[in-house]
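Structural characterization, general
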Amino acid sequence: MAVTGVVANGESDEPLLNSSSNHGGERNNSSFVEGVVDYRGGRVINRSKYGGWRSASFIIGLDIAETFTYFGITSNLISYLTGPLRLSTVTAAQNINAWAGVVWMLPLLGAFVADSYLGRFRTIIFSSLIYILGPGLLALSATAPSLRPPDCPNNSESNTSCTSPSSFQVIFFFFSLYLVAIGCAGYKPCTQAFGADQFDGQNTEECKWKGSFFNLWTFGLCFGGIISHLTLNYIQDNIGWGLGFGIPCIFMAIALIVFLFGTKTYRYSKTEDKENPMLRIGRVFVAAVKNWRTTKSSWATIEEEETGLPCCLRVGDHQFKFLDKALIDTSNDAIGSRKHGLPCSVSQVEDAKAVLCLFPIWITCLMYAVVATQSTTFFAKQASTLDRSLGPNFQIPAAAIQMFISLSLILFIIIYDRLFVPMARAFTGKPNGITTLQRIGSGIFISTITMALAAIVEKKRLQTALDFGLIDMPKATIPMSLWWLIPQYVLLGLATLFTMIGLQEFFYDQVPDGLRSIGLSLYSSIFGVGSFLSGFIISVIDKVTSRRGHYSWFSDNLNRAHLDYFYWVLVGLSVVQFVAYLYFSNSYLYKRRASM
C-alpha cells in the first residue's frame, strides 16, 4: 500500500514519490509540479511553463464573460416575467427561485461527471457550448414574431388588460432559460476548481497565490456583473429584450475561444490512474453498513504493518465513529481481502468523514442563501417603484442597482486583503487573519443585519406611499429616492465578501483532493436549496396572508403588500440558524490545518 503524504496534519493525500526522503522542503523548491500533467498527458511538467497566473487569467476571463451573461439574464428577469410574460409578482418570484435553485443544484451532477469521467477541462467545453445556446434561444424568443409575447400598451394599468402569451411561447422561453441552467451544471463547479488547480498548494509561493486567486476570482465576477448591470439592464429596458439577451450569447462565444487559446499552458489533474473518487468514498459507507454488527478486529495491526505508520485518523477520530467499521476485516485472509477492496483503508475512511463533516456547515448556511436571493427579486421590485431619475433625461434601470453589490465587493476585497488580513494576522497569528469558518460566520451575521435594514427601508417606502396618497396607484412613482436602497445592497456585498468567498475556499479545501469539483458544487448547492427554500417560504406566506380577502404580503400592488413583514421573518430565521452555525463551526475539525 502506498504511503500517503503528511498523514499527521492532513495536508495531502498524494503518494510521496521518493518515499521517506521526499520532504516538504524539496517539494517547495522543486521546479516540477507533482500530481498534474500537461495537455499531452505528460507525467512531469515544469512549474515555470505550465499553470500559474498566466493560465489562470484565461480561466478568469471566461468566468467574467459567464458572469456578464448570467447577470444579464437573471438580474432583470423579474421585469421580463412580470412584463412581457404577464406573470404576477409572486408567481414570477417563485419561478425565479425555482430556476435559480436548478442553476445552483445541477452543478452537483456536473461535478460528478467531471471528477469521475470527463475531467474539468472537457466539462467546461461542453457546458460552455450549452451556455452559448441558452441566451441565443432567449434572444430568439424575444424577437421572432411567432415566439415573442404580444406587446402590451404602455398606458395599460395592469397586465390583465393585455393579451397573454401563448402556451408555446411561454414553454419555449422557459426551455431556453433552463438550457442556461444546464450549461451552469458543469461550468460553475469546474471553472473555479480548474483555475485553482493552476497553483500548487504544496509550494510556498504558489500556495499564497492560490489564496489570492479566490479573491481575484471574485473581483473578476464583480467586474463582469458591473458591466452587465450598466449595459444590459439599460438595453433590455429601453432598446429591446432580443438585443439584451443576444449580446451575452456573443460574449460567451468569444470568451470560449479565448479560453481555448490557453489549452497548451494549463495544468491538468492526473486522474486516469486513480480510482473513481465517488466510488472510493461510497465503498466506506457500504463497508460500514455491512460490518454494522461486527466488533473491531485486528485492522489496526494490519494497517500499521502495510504502511509502516501508526494507525490513527488525522481527521475527526472521535467523530462519525460508525464509519470506523469500514476498517474491520471480516475475511480469513486480511491481506488478500484488502487487495479486493475490503476492508477500506484509513485514508478512505478519513476522506468519507471529511465529506460528512461538511454537511452541518452546509445546512446552517441555507438562510444566508435565502437572504441573497432577495436582491434579484423583491429588492428589484422595490426599486422599480422609487424615483430613479438621474438628471432630467435619464432614469436608472431598476435592476441596475444590483451593481452596488459588485462595486462594494470590489472595494471591500481591497480593504480585506490589504488592511483587514494583516491587522487580524498580527492579533491571531493565522496566515489568513481569521479562519475560514470565522469568515463565513461574519458574513452570515452581516446578512442578518442587511435584512433588518431592508425591513426598515421598506416600512419607510410604504409610509411615503401612504402619505402621498399613492396606496392604490401601483404604477405611480413614489417620491422617495432610489438611493435609500443602496445601504442594503452595500451590506449584502460585504456579506458576500465574507460568506460566499469563504464558502468557496472552505468547500474546495476541505474535500478530498479528487473531489474538488464536487466540493465547489456542494458550495453552489447551498444557493440552490436556498432558492428552493425561499420559494417555499414565499408560497406558504402568500397562501396564509391572502386568506379571507386580505392583501397578500406579496401583492402585485407593492403599496398594499408587506415585504417588510417578510424581511423580519427572514431576520428571525437567520438568527436561529446563525446560533446553530456557531455551534457546529465551533466543533469542526479542519482537514488541512496548515492552510487554516
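Structure: above.
All figures in this text were calculated on a predicted structure; none of them were measured in a lab.

Analysis parameters
- Residues numbered from 1 in each chain as written.
- Predicted model: local features only at pLDDT ≥ 70, side-chain atom pairs only at ≥ 80, totals over all residues.
- Heavy atoms only, no water.
- Helix = DSSP H or I, 4+ residues; strand = E, 2+ residues; numbered from the N terminus.
- Buried < 20%, exposed > 50% of the residue type's maximum accessible area, 1.4 Å probe, protein only.
- Contact = heavy atoms within 4.5 Å.
- Areas by Shrake-Rupley, 256 points an atom, 1.4 Å probe, with all protein chains shown as cover.
- Salt bridge = Lys/Arg side-chain N within 4 Å of Asp/Glu carboxyl O.
- Polar contact = N/O pair within 3.5 Å; in protein donor to acceptor, adjacent residues only side chain to side chain.
- Phe/Tyr/Trp six-rings, centres within 6.5 Å; stacked < 30°, edge-to-face > 60°.
- Patch = residues over 30% accessible without salt bridge, like charges linked within 9 Å, V, L, I, M, F, W, Y side chains within 5 Å.
- Axes fitted to C-alpha atoms, helices over the stretch in contact; angles between N-to-C directions.
- Parallel < 35°, antiparallel > 145°, perpendicular 65-115°, else oblique.
- Left-handed = near helix turned anticlockwise from the far one by under 90°.
- Nonpolar A, V, L, I, M, F, W, Y, C, P; charged D, E, K, R; others polar.

1. Observations concerning the overall build of the protein
Broken down by element type, the protein carries 20 helices and 6 strands. Classification of the 596 residues of the protein by burial places 56% in the buried group. In the protein, the share of contacts with a sequence separation of at least 24, taken over all contacts with a separation of at least 6, comes to 81%. Carbon and sulfur atoms make up 64% of the accessible area of the protein, which amounts to about 25,400 Å² in all.

2. Things to note about the pattern of salt bridges
Pairing between side chains becomes possible if they bear opposite charge and their charged atoms approach one another. Across all of its chains, the model carries 3 salt bridges by this definition. Linking Asp 472 and Arg 560 is a salt bridge whose minimum nitrogen-to-oxygen distance equals 3.0 Å. Within this pair, whereas Asp 472 is found in the loop between helix H17 (436-467) and strand S6 (478-481), its partner Arg 560 is found in the loop between helix H19 (516-545) and helix H20 (563-586), the two being separated by 88 residues in sequence. Here Asp 472 falls in the exposed class, since its relative accessible area comes to 51%. We classify Arg 560 as partly exposed; its relative accessible area is 31%.

3. Observations concerning unusual backbone geometry
Backbone geometry places Arg 86, a non-glycine residue, at a positive phi of 65 degrees. Its location among the elements puts Arg 86 in the loop between helix H3 (77-82) and helix H4 (89-105).

4. What to know about the environment of His 229
By the secondary structure assignment, His 229 is in helix H8 (residues 204-238). Taking relative accessible area as the criterion, His 229 reaches 2% and is therefore assigned buried. Along the chain, His 229 and Phe 71 lie 158 residues apart, while their C-alpha atoms are 7.3 Å from each other. Once you skip the residues sitting within four places of it in the chain, His 229 turns out to touch Phe 71, Ser 75, Ala 399, Ala 400, Gln 402 and Met 403. A polar contact is formed between the side chain of His 229 and the side chain of Asn 233, at a distance of 3.2 Å.

5. Brief notes about the packing of aromatic side chains
One pass over the full model with this rule turns up 40 aromatic pairs. For the pair Phe 194 and Tyr 268, a centre-to-centre distance of 5.8 Å together with 45 degrees between the ring planes defines the contact as tilted. Taken together, the residues Phe 194 in helix H7 (residues 167-196) and Tyr 268 in strand S4 (residues 268-269) connect sequence positions 74 residues apart. Here the two residues Phe 194 and Tyr 268 agree in accessibility, since each one is buried. Note on Phe 359 and Trp 362: the rings are 6.5 Å apart at their centroids and 55 degrees apart in plane angle, and the pair reads as tilted. Of this pair, Phe 359 and Trp 362 both sit in helix H13 (residues 346-363), separated by 3 residues, roughly a single helical turn. For Phe 359, a relative accessible area of 35% corresponds to the partly exposed category. For Trp 362, a relative accessible area of 14% translates into the label buried. A network of ring pairs unites the aromatic residues Phe 58, Phe 121, Phe 194, Phe 259, Tyr 266 and Tyr 268 as a single cluster.

6. Describing a nonpolar patch on the surface
On the surface, a nonpolar cluster with roughly 580 Å² of combined accessible area is contributed by Tyr 234, Ile 239, Leu 243, Leu 390, Phe 394 and Trp 483. Considering the arrangement of structural elements, one finds Phe 394 in the loop between strand S5 (386-387) and helix H16 (403-428).

7. Overview of the packing of helix H2 (residues 52-74) against H4
Closest axis-to-axis distance for the H2/H4 pair is 12 Å, and the angle between their directions is 160 degrees. On the basis of their axis angle, the class for H2 and H4 is roughly antiparallel. You can see that H2 and H4 cross each other, and the crossing is right-handed. Touching Tyr 70, Ile 73 and Thr 74 of H2 are Trp 99, Val 103 and Trp 104, all from H4. Considered class by class, the residues forming the contact of H2 with H4 number 5 nonpolar, 1 polar and no charged.

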